[in-house]
Amino acid sequence: FRFEQHVYEEYGPVNVMEDFDSFFYYKLHWQKVHTPEHDAISVERTSDGPGSSSSLRVTNMGHHWWHVSHRYFYSVREHDEFHLEGMLLNSGEGGYGEIQVSALDAEGKILQRDMWRLGAKTREKQVQVDTTFTVPAQVAYIRLRVAGEGPGRFEYDNLRMVRLSPTEPAPGAKAGH
């Protein structure tokens, strides 16, 4: 049971918080792993995250790329500002994992899969990573994902993406009551 269809969110506040404490919630909000090497990748929810919370664990026994994408495409405008953060662990087996945000055009076509990305500079220890980014012209939607390449174990927890800019109606649009 998993929803593979994308959901386009109208322009408005964005406050995504993914702590992976609910397996049902994970299956509703995240799509299956995409990779050319399906037999080498496992994705599971663990219960040994920070403070005994659950986290998302991706184990790659192969050498190819992989990603697990959030179902939601969030409508954005040029100059919108966002904060992205999360807990990330990269095990020391030669691969890497990242928290990424993809940029899409108005038709939902990918402009860049990893326009904004966060990686851990250490191995074998879960660390907090964060950044703030500004949306450039031509980007109409953004999408959160976890991704990586190469062998290793990668864990994600407490992912958060928040729109920092005000969400004023578009010029010519009527404001809601």
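Preceding this paragraph is the structure being described.
Read on for a plain summary of the structure. (Residues numbered from 1 in each chain as written. Predicted model: local features only at pLDDT ≥ 70, side-chain atom pairs only at ≥ 80, totals over all residues. Heavy atoms only, no water.)

**Some details on the overall build of the protein chain**
- A count of helices and strands for the protein chain gives 1 helix and 12 strands.
- Ordered by position in the sequence, the α and β elements of the protein chain form the string β-β-α-β-β-β-β-β-β-β-β-β-β.
- The buried share of the protein chain, taken over its 177 residues, is 49%.
- Within the protein chain, residue pairs in contact and separated by at least 24 positions form 79% of the contacts whose partners lie at least 6 positions apart.
- Summing over all exposed atoms, the protein chain offers an accessible surface of approximately 9,100 Å²; the carbon and sulfur share of this is 49%. (Helix = DSSP H or I, 4+ residues; strand = E, 2+ residues; numbered from the N terminus. Buried < 20%, exposed > 50% of the residue type's maximum accessible area, 1.4 Å probe, protein only. Contact = heavy atoms within 4.5 Å. Areas by Shrake-Rupley, 256 points an atom, 1.4 Å probe, with all protein chains shown as cover.)

**Re the pairing of strand β12 (residues 152-163)**
- Burial runs high along β12: 9 of the 12 residues are buried.
- Sheet topology note: the strand β2 (residues 15-18)/β12 ladder contains 4 bridges and is antiparallel. Bridged to M17 within β12 is R160.
- Here 5 bridges tie strand β4 (residues 55-60) to β12, and the two strands are oriented antiparallel to one another. Bridging across to β12, V58 finds its partner in F154. (Pairing = 2+ DSSP bridges.)

**Focus on unusual backbone geometry**
- The backbone of H79 sits at a positive phi, close to 80 degrees, despite the residue not being glycine.
- The residue H79 is located in the loop between β6 (72-75) and β7 (81-90) in this model.
- Not every positive phi belongs to a glycine, and Q138 is a case in point at roughly 75 degrees.
- Of the residues examined, Q138 reaches a relative accessible area of 66% and is grouped as exposed.

**Quick look at the side chain of S75**
- Note on placement: S75 falls in strand β6.
- Residue classification places S75 among the buried positions, given a relative accessible area of 15%.
- With sequence-adjacent residues up to four places away left out, S75 is seen in contact with E9, E10, Y11, A140, Y141 and R163.

**What to know about the environment of G108**
- Within the secondary structure layout, G108 lies in the loop between β8 (96-104) and β9 (110-119).
- When its relative accessible area of 19% is taken as the criterion, G108 is described as buried.
- In this structure, the C-alpha to C-alpha distance between G108 and Y141, residues 33 residues apart in sequence, is 7.2 Å.
- If we ignore the near neighbours within four places in the chain, the residues touching G108 are Y8 and F73.

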